[in-house]
Amino acid sequence: MFTRLESLRGLAAIMVVIYHTPFYIEQPSLSLIRNSYLFVDLFFVLSGFVMAYAYGDKIRGGMGFGQYIALRLGRLYPLHLFTLMLWVPYVLIKQYLYETGFGGTSQLDENNLFTFITNLLIIHGLGVNESLSWNQPSWSISTEFFAYIVFFVTAITVDRGRRLWVPLALSAGLYATIFLVIQPEQLKITYDHGFIRCLAAFYLGIFVYRLRAYGTLDRLSFGPLSAVEGLTMAAIIVSVSLSGNRYAAIMVAILSFALAVFVFATRNGGAVSRLLDIDLVRKIGVWSFSIYMTHRLIQFGASNVFEFILEIDPSEPMGWPSVPLNLLLLVVVIGFSRYTYEWVEKPCRDWVKHRVQQRDLQKAAA
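The structure displayed is predicted, hence computed values, not measured ones.

A.B. asks: Just give me the short version of the packing of helix H3 (residues 39–60) against helix H8 (residues 194–211), but keep the residues and values in it.
C.D. replies: The interhelical angle for the contact between H3 and H8, taken along N-to-C directions, is 60°, at an axis separation of 7 Å. With respect to their mutual orientation, H3 and H8 come out oblique. Viewed along their axes, H3 and H8 form a crossing whose handedness is right-handed. The residues of H8 that touch H3, namely those facing Val-40, Asp-41, Phe-44, Val-45, Ser-47, Gly-48, Phe-49, Met-51, Ala-52, Tyr-53 and Arg-60, are Arg-197, Cys-198, Ala-201, Phe-202, Leu-204, Gly-205, Ile-206, Val-208, Tyr-209 and Arg-210.

This is the structure in C-alpha cells:
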C-alpha cells in the first residue's frame with residue numbers, strides 16, 4: 001500500500017544526492033538544487049504519515065514499547081552501523097595521508113572518538129556534537145529514531161483520541177519555535193536543532209494521514225487527478241526553488257510536501273502516478289534509504305580522486321562536463337545501494353521482525 005509514496009521518497013533521495021554533489025556546472029547552482037536540502041523534510045513528512053498508518057492503532061491497542069522500538073531499530077540501525085563502519089577506514093586513511101604531508105585537512109576535528117561514539121549511539125542529531133561528523137546525512141536517522149519514541153509516548157498520552165488538531169498543533173508549535181526562537185538563516189538545522197525540524201515535519205505527516213478520514217481524491221477521474229498531481233509537483237519545484245532564506249517560502253515548500261503525500265496516497269492515480277509506478281522508479285523508492293545513507297562516501301571518494309589524483313579542484317565549476325559525471329555518480333550510488341539494501345538493510349530488518357514475531361508467539365503460548 002502507498003507504493004507511490006515510496007517512489008516519491010526515492011525521488012527525494014535523488015534530489016538530496018544531487019544537492020550534495022561536489023561537481024557543479026557553475027556557481028551558484030540552480031536554485032532548485034541549492035535548496036534541495038529541503039527534501040529531507042519530505043522524508044520526515046512521509047515518515048510521520050507511514051508511522052501513523054502502520055503503528056498508531058497498534059500502539060493504542062496495547063503494543064509494547066520493547067516490541068515497537070525493536071522493530072524501528074531493526075529498520076534503521078543495521079544500515080546506519082554498516083555505513084558508519086565504512087567511514088572508519090576512509091577517515092583513517094585520509095588522516096594518515098594528511099599527517100604524512102600528502103594533502104587534505106585533518107579529519108579529527110569532526111571525526112574523532114567522541115563523535116564516533118555519539119554516532120554509534122545514534123544521538124548525534126540531538127545537539128551533543130559541535131558539527132556534522134562521520135556519515136553526515138545520518139543526523140536525520142538519529143532525529144527520526146527519537147521521533148519514533150516521542151510518537152509512542154504521545155500516542156498513549158495526549159494523542160490517544162487521534163484528534164485532527166493535535167498533530168497539527170504540535171507541528172505548528174515546533175515550526176514556530178524554529179522560525180521565531182531558533183531563527184536559522186535557512187532550515188539547514190541538522191546536528192544542533194535537527195530534532196525539532198524532524199518532529200515538526202513528522203507530525204505534519206501524521207496530520208495528513210488523519211486528514212484522509214475527512215475525504216480523499218479517490219473519486220476524481222484520471223483527467224482531473226492528473227491535473228492535481230501535475231500542479232502538486234509544480235508547486236514543489238517552484239516553492240523549493242524560491243525558498244532561499246525566506247521563512248514564508250520555506251513553509252510553502254513544506255506544505256507542498258504535505259500536499260504531495262495527501263495526493264499520492266490515493267488508490268487511483270493520474271499521469272504523474274503512472275510515472276511513479278514505473279518499475280525502476282519504484283525500485284529506487286525501495287532503495288531510497290540505502291541511497292541516502294551511502295551516497296556521501298561515494299561522492300567524497302570521487303572528489304578525492306579528482307583533487308589528489310587528477311589534480312582537478314572539484315570546488316571549481318566544471319561546466320557541462322559535470323552533467324555526465326553526476327549522472328555516472330548517481331548510477332554508482334543507485335547500483336551500490338541496491339546491494340546494501342539486499343545484503344544489509346532488508347535481511348537485517350526481516351531478521352529483527354522475525355525475532356519479534358517469534359518472541360510474541362512464545363509469550364502467547366506460555
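Alright, that's what it looks like, and here's the rest.
A.B. asks: Could you give me a rundown of the pattern of salt bridges, with the residues and numbers involved?
C.D. replies: In total, this model carries 12 salt bridges according to the counting rule given. Residue Arg-197 is joined to Asp-41 by a salt bridge in which the shortest nitrogen-to-oxygen separation is 2.7 Å. One end of the pair, Arg-197, is in helix H8; the other, Asp-41, is in helix H3, with 156 residues separating them in the sequence. Assessed through its relative accessible area of 1%, Arg-197 is described here as buried. The shortest N-O distance in the salt bridge between Glu-342 and Arg-338 comes to 3.5 Å. One end of the pair, Glu-342, and the other, Arg-338, are both in helix H14 (residues 322–365), four residues apart, so they sit about a helical turn from each other. A network of salt bridges, in which partner residues are shared, links Arg-4, Asp-277 and Arg-282.

About the cut-offs
- Residues numbered from 1 in each chain as written.
- Predicted model: local features only at pLDDT ≥ 70, side-chain atom pairs only at ≥ 80, totals over all residues.
- Heavy atoms only, no water.
- Axes fitted to C-alpha atoms, helices over the stretch in contact; angles between N-to-C directions.
- Helix = DSSP H or I, 4+ residues; strand = E, 2+ residues; numbered from the N terminus.
- Parallel < 35°, antiparallel > 145°, perpendicular 65-115°, else oblique.
- Left-handed = near helix turned anticlockwise from the far one by under 90°.
- Contact = heavy atoms within 4.5 Å.
- Salt bridge = Lys/Arg side-chain N within 4 Å of Asp/Glu carboxyl O.
- Buried < 20%, exposed > 50% of the residue type's maximum accessible area, 1.4 Å probe, protein only.

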